[in-house]
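Here is how the chains run, residue by residue.
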Amino acid sequence: MEYYLHLVLNGLVIGSIYSLVALGFVIIYKATKVVNFAQGELVMFGAYICFALTVQMGLPFLVSFFMTLIFSVILGLCLERVILRPMIGEPIISVIMVTIGLSTVLKAAIQLFWGTQVRVYPQVLPSEPIWILGLPVAPVYIAAFCLSVVLFVIFSLFFKYSTMGIAMRATAFDQQAAQSMGIGVKNIFAMSWCIAAVVSSIGGIILGNINGITPQLGHLGLKVFPAVILGGLDSLLGAALGGLIIGVLENLSDGLAQQFFGLAGFREVAAYFILVIILMIKPYGLFGTPEIERV
Amino acid sequence: MNILSVENLEVVYNDVVLVLKGLSIKVERGSITALLGSNGAGKSTTLKSISGLLATEDGEITEGSVFYEDQPIHKLWPEKIVRLGIFQVMEGRRIFEDLTVEENLKCGGFVRPGKEFSQSRELVFEYFPRLKERRKQLAGYLSGGEQQMLAIGRALMAKPRLLLLDEPSLGLAPLLVEEIFGIIKRVNSEEGVTILLVEQNARAALNIASHGYILENGRIVLDGRAESLLNNPDVQEFYLGIGSTGEKRSYRNVKHYRRRKRWLG
Ligand SMILES: Nc1ncnc2c1ncn2[C@@H]1O[C@H](COP(=O)(O)OP(=O)(O)OP(=O)(O)O)[C@@H](O)[C@H]1O
Ligand SMILES: [Mg+2]
């Protein structure tokens, strides 16, 4: 029993990181209808920048954490200026292709600077476990989970109530109409990429603290697809829950496969199995908006 | 005197299709000016070149200029142009269907300070009480007429000085057309908004306008005071559907065809 509880708890933590990355993905999709294939590389970017600042430059962790966020914002702005602005008015599919190219470039750049071996963060939070439901849980896990929840609440409120959030949703629905009311599409693009880069970086830093980082981190972007498709591409709540569900189910099924069939590595594909099954039942995802059709 | 003047405008789409061929119009401050013409004449293109929305469609102004309050604006981004006080209500309403009515209005007032919102919203609800009842509803579920009201309401939120309306009567029942045109007239006289009105419904447009332009094939072929256009035999025949003798027009008439051709040339 304890074994399963442990699987679930671990799943929740990994899931909350998926949720964060999914959040970035959904924000870009919501504001610009672009499916961002470089989401995993944004995670990697944050993780490596923070690593460089803390370990290679010897800055205190909190300082480098916030500096990483600033770098993420700068990255978001640069991406918008250099890559996305020239694409305004082009078909969405072209922009999506550009993000595929971007993911390759980012990954290559990171390998160029930091090589391919595993890098480890210094210990930041105490390793003394905290007991929850009679189970020892590492503080970094709890911090990861709480941070994800807080970010979700903030962004949900932002999209629901702030003028900027509403303008981002409007732009997602009809770019030209949004433009006709003075909503600067450039700014909306920049803003959504900045937010996406920031939350992904936070995800990357958390992962770095838990597992250490390698250039394989970018594959996380692929895990996020099941999470967001499950949640419905344009729903923040969906991304949150989708991430958690994928995290937990993946961990549980991996544990079970190992225990009963002696199969290792089921984790890597579990998410896609789950996805296929759920999509057969709910084609718009759990929380996605179906197209409005008036009868 | 003129709030807007468009001079010798040439517009090309996708680097090849020449749509406006040296078009000039002037809009007098405080007036309602009608811009009429058949399908594909270039009416929407004219409005988009004024509002700057052309760029998002791969259209380009290759010649000529647009002056608003004597300032050249044809090189500005659309968001800048809206801030100067020009607002285009696009053809086909283009409301944000998965936002509520109120959120749509919020977008309309995007360039205005947040504290103006509730006051402007009340003004919109005064013009369109039907929107008030439905303000928490998703705009996608409004009827076509209500969506048109929302589109105009959204424009009012921005407190424009020059309003560009593209076919506000499109797809509306006659009674509703009358209502919408009544409101356009009120917006003009009560809010002091200058209006450039593009319409297929020539009669309704000329009835509220003081001046009119007729656009064919990217050129202005006729302009004048609204009454004189209403009484012009060519306009009556080709845009108002009345024959020169007061009968319905007949396409069998070859002479008619020649005259029509001269118009389209
Ligand atoms: N984005 C575009 N790309 C290429 N050609 C275009 C584009 N938009 C319009 N055109 C062409 O320009 C011409 C004028 O179009 P425009 O939309 O201005 O006409 P309109 O007078 O508004 O017609 P309607 O009354 O049917 O709305 C048409 O021949 C149209 O095919
Ligand atoms: Mg048109």
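All values derive from a computational prediction rather than experimental measurement.

Colleague: How do you make sense of the overall build of chain A when you look at a structure like this?
Modeller: In terms of helices and strands, chain A carries eleven helices and two strands. Going from the N terminus to the C terminus, chain A shows its helices and strands as α-α-α-α-β-β-α-α-α-α-α-α-α. Relative to the 2.2 N^0.38 estimate, which gives 19 Å for 295 residues, the radius of gyration of chain A is 19 Å and therefore close to what a compact globule would have. Projected onto the principal axes, the alpha-carbon positions of chain A cover approximately 55 × 55 × 35 Å.

Colleague: Looking at this structure, how should I read the domain arrangement of chain B?
Modeller: Often the size quoted for an interface is simply the accessible area lost on bringing the parts together. All names here are of chain B. By domain assignment, chain B separates into domain 1 (2-229) and domain 2 (232-265). The centre of domain 1, based on its C-alpha atoms, is set 29 Å off from the matching centre of domain 2. On the domain 2 side, the residues contacting the 13 residues of domain 1 number eight residues. Buried surface at the junction of domain 1 and domain 2, both sides included, amounts to about 960 Å², of which 57% is carbon and sulfur. Between the two partners, domain 1 and domain 2, sit two residue pairs in polar contact (both at pLDDT 80 or more). When residues of the side of domain 1 that touches domain 2 are traced back to their parent elements, those giving at least two are helix 8 (202-208), strand 9 (211-216), strand 10 (219-225) and helix 9 (226-231). Here the residues of the side of domain 1 that touches domain 2 are counted per class, giving six nonpolar, four polar and three charged.

Colleague: Can you help me understand the pairing of strand 4 (residues 59-68) of chain B in this one?
Modeller: Within a regular strand, side chains alternate between the sheet's two faces. All names here are of chain B. When strand 1 (residues 2-13) meets strand 4, the two strands line up antiparallel, connected through eight bridges. Looking at the pairing, V11 lines up with I61 of strand 4. Inspection of the sheet shows strand 4 paired to strand 5 (residues 71-72) by two bridges, in the antiparallel sense. Along strand 5, the bridge assignment pairs F67 with P72. Once strand 4 ends, the chain turns through two residues before running back antiparallel as strand 5, passing E69 with a positive phi of about 50 degrees.

Colleague: Please explain the nonpolar core as it appears in this structure.
Modeller: With 147 residues, the main nonpolar core has F155 of chain A together with F128 and L131 of chain B as its most contacted residues. Top element by residues in this core is helix 1 (residues 2-32) of chain A. It accounts for 14 residues. Three or more residues apiece are contributed to this core by two domains, here domain 1 (2-229) and domain 2 (232-265) of chain B. If you look at the next biggest cluster of nonpolar residues, it comprises 27 residues, including V6, Y68, I73 and L196 of chain B.

Colleague: When you look at the layout of surface pockets in this model, what are you seeing that I'm missing?
Modeller: Using a probe with the size of a water molecule, rolled over the atoms, empty space left in the structure can be pinpointed. Residues and elements named next belong to chain A. By volume, the second largest pocket is sized at about 640 Å³. Lining the second largest pocket we find 24 residues, and of these Y18, N211, L220, K223 and E268 sit closest to its centre. Residue assignment for the lining of the second largest pocket shows that the elements contributing at least two residues are helix 1, helix 8 (185-211), helix 9 (220-231), helix 10 (236-261) and helix 11 (267-281). In terms of residue count, helix 1 provides more of the lining of the second largest pocket than any other element does, five residues in total. Along the lines of polarity and charge, the residues of the lining of the second largest pocket split into 13 nonpolar, seven polar and four charged.

Colleague: Would you mind showing me how to read unusual backbone geometry here?
Modeller: As a rule of thumb, non-glycine residues mostly have phi less than zero, and peptide bonds are mostly trans rather than cis. All names here are of chain B. In this structure, D58 is a non-glycine residue whose phi angle is positive, near 65 degrees. Note on placement: D58 falls in the loop between helix 1 (43-51) and strand 4. Within the chain, N217 stands out as a residue other than glycine whose phi angle is a positive 55 degrees. Locating N217 in the fold gives a position in the loop between strand 9 and strand 10.

Colleague: Explanation requested: the sheet that holds strand 1 of chain B in the structure shown.
Modeller: Pairing between sheet strands relies on hydrogen bonds along the backbone, with the strands arranged either parallel or antiparallel. Residues and elements named next belong to chain B. Sheet architecture is open: four strands sit in the order 2-1-4-5, paired in antiparallel fashion. At either end of the open sheet lies a strand with only one pairing partner, and these are strand 2 (17-28) and strand 5. Where strand 1 meets strand 2, nine bridges bridge the pair, whose relative direction is antiparallel. Looking at strand 2, one finds that L9 is bridged to L23. Along the sheet face, helix 1 touches strand 1, strand 2 and strand 4 and points at about 110 degrees away from the line of strand 1.

Colleague: I would appreciate a short explanation of the site of ligand 1 in the present structure.
Modeller: Residue and element names in this part refer to chain B. Inspection of the region around ligand 1 gives 15 residues, with N39, K43, S44, T45 and Q200 positioned closest. For ligand 1, the accessible surface in isolation is 630 Å², of which the surrounding protein chains cover 69%. Per-element accounting of the shell around ligand 1 gives the leading share, three residues, to helix 1. Classifying every residue of the shell around ligand 1 gives three nonpolar, eight polar and four charged.

Colleague: In this structure, what is going on with the environment of I152 of chain B? I would like to understand it.
Modeller: Relative to the assigned elements, I152 of chain B resides in helix 6 (residues 144-157). Sequence spacing of I152 of chain B and V89 of chain B is 63 residues, and the spatial spacing of their C-alpha atoms is 6.7 Å.

Colleague: Even after reading the chapter, I still don't get the sheet that holds strand 7 (residues 162-166) of chain B, so can you show me in this structure?
Modeller: Residues and elements named next belong to chain B. With mixed pairing, six strands are arranged side by side in an open sheet as 6-7-8-3-9-10. Here the strands that pair on one side only, and so sit at the sheet edges, are strand 6 (86-89) and strand 10. Across the sheet, the mean angle separating the axes of adjacent strands is 15 degrees when strand polarity is ignored. With five bridges connecting them, strand 3 (residues 32-36) and strand 8 (residues 194-199) associate as parallel partners.

Colleague: Which parts of the structure should I look at to understand the pattern of salt bridges?
Modeller: Two side chains of opposite charge can pair, provided their charged atoms sit close to one another. Residues and elements named next belong to chain B. A complete count under the given rule lists 21 salt bridges over all chains for this structure. The partner of E102 in a salt bridge is R121, with the nearest N and O atoms 2.7 Å apart. With a gap of 19 residues between them, E102 in helix 3 (residues 101-108) and R121 in helix 4 (residues 117-127) connect regions that are remote in the sequence. Summarising the burial analysis for this pair, E102 and R121 share the class buried.

Colleague: Teacher, can you tell me more about helix 1 of chain B here?
Modeller: Every α-helical turn comprises 3.6 residues, leaving residues that sit three or four positions apart pointing alike. Residue and element names in this part refer to chain B. In terms of burial, helix 1 is largely enclosed, as nine of its nine residues are buried. For helix 1, the set of buried residues is K43, S44, T45, T46, L47, K48, S49, I50 and S51. Positive backbone phi, approximately 85 degrees, marks G52, located one or two places after helix 1.

Colleague: Which parts of the structure should I look at to understand the coordination of the magnesium ion (ligand 2)?
Modeller: When four donors bind a metal tetrahedrally, each ideal donor-metal-donor angle is 109.5 degrees, and when six bind octahedrally, the ideal angles are 90 or 180 degrees. Around the magnesium ion (ligand 2), the protein contributes the donor atoms S44 of chain B (OG) and E91 of chain B (OE), which lie 1.9 to 2.1 Å from the metal centre. Taken together, the residues span a long stretch of sequence, with S44 of chain B in helix 1 and E91 of chain B in the loop between strand 6 and helix 3 at a distance of 47 residues.

Colleague: Would you mind going over empty space enclosed by the protein with me for this structure?
Modeller: The tally for this structure, following the rule as stated, stands at three cavities of 30 Å³ or more. The volume enclosed by the largest cavity comes to roughly 50 Å³. Around the largest cavity, the lining residues are S180 and M181 of chain A together with F87, Q88, V89, M90, R93, R94, A151 and R154 of chain B. Elements represented by at least two residues in the lining of the largest cavity include exactly strand 6 and helix 6 of chain B. No other element matches strand 6 of chain B, which puts three residues into the lining of the largest cavity.

Rules used in this analysis
- Residues numbered from 1 in each chain as written.
- Chains lettered and ligands numbered in written order.
- Predicted model: local features only at pLDDT ≥ 70, side-chain atom pairs only at ≥ 80, totals over all residues.
- Heavy atoms only, no water.
- Helix = DSSP H or I, 4+ residues; strand = E, 2+ residues; numbered from the N terminus.
- Rg over C-alpha atoms; globule rule 2.2 N^0.38 Å.
- Domains from an automatic or database assignment.
- Contact = heavy atoms within 4.5 Å.
- Buried area = accessible area lost by both parts, 1.4 Å probe.
- Polar contact = N/O pair within 3.5 Å; in protein donor to acceptor, adjacent residues only side chain to side chain.
- Nonpolar A, V, L, I, M, F, W, Y, C, P; charged D, E, K, R; others polar.
- Pairing = 2+ DSSP bridges.
- Core = buried A, V, L, I, M, F, W, Y, C linked by side-chain atoms within 4.5 Å.
- Buried < 20%, exposed > 50% of the residue type's maximum accessible area, 1.4 Å probe, protein only.
- 1 Å grid on protein atoms, 1.4 Å probe; cavity = no way out; pocket = protein on both sides within 12 Å on 5 of 7 lines; lining within 4 Å.
- Points joined across faces, edges and corners; volume = space filled by probe spheres on them.
- Axes fitted to C-alpha atoms, helices over the stretch in contact; angles between N-to-C directions.
- Near = heavy atom within 4 Å.
- Areas by Shrake-Rupley, 256 points an atom, 1.4 Å probe, with all protein chains shown as cover.
- Salt bridge = Lys/Arg side-chain N within 4 Å of Asp/Glu carboxyl O.
- Donors = N, O, S within 2.8 Å, 3.2 Å for Na, K, Ca; no water.

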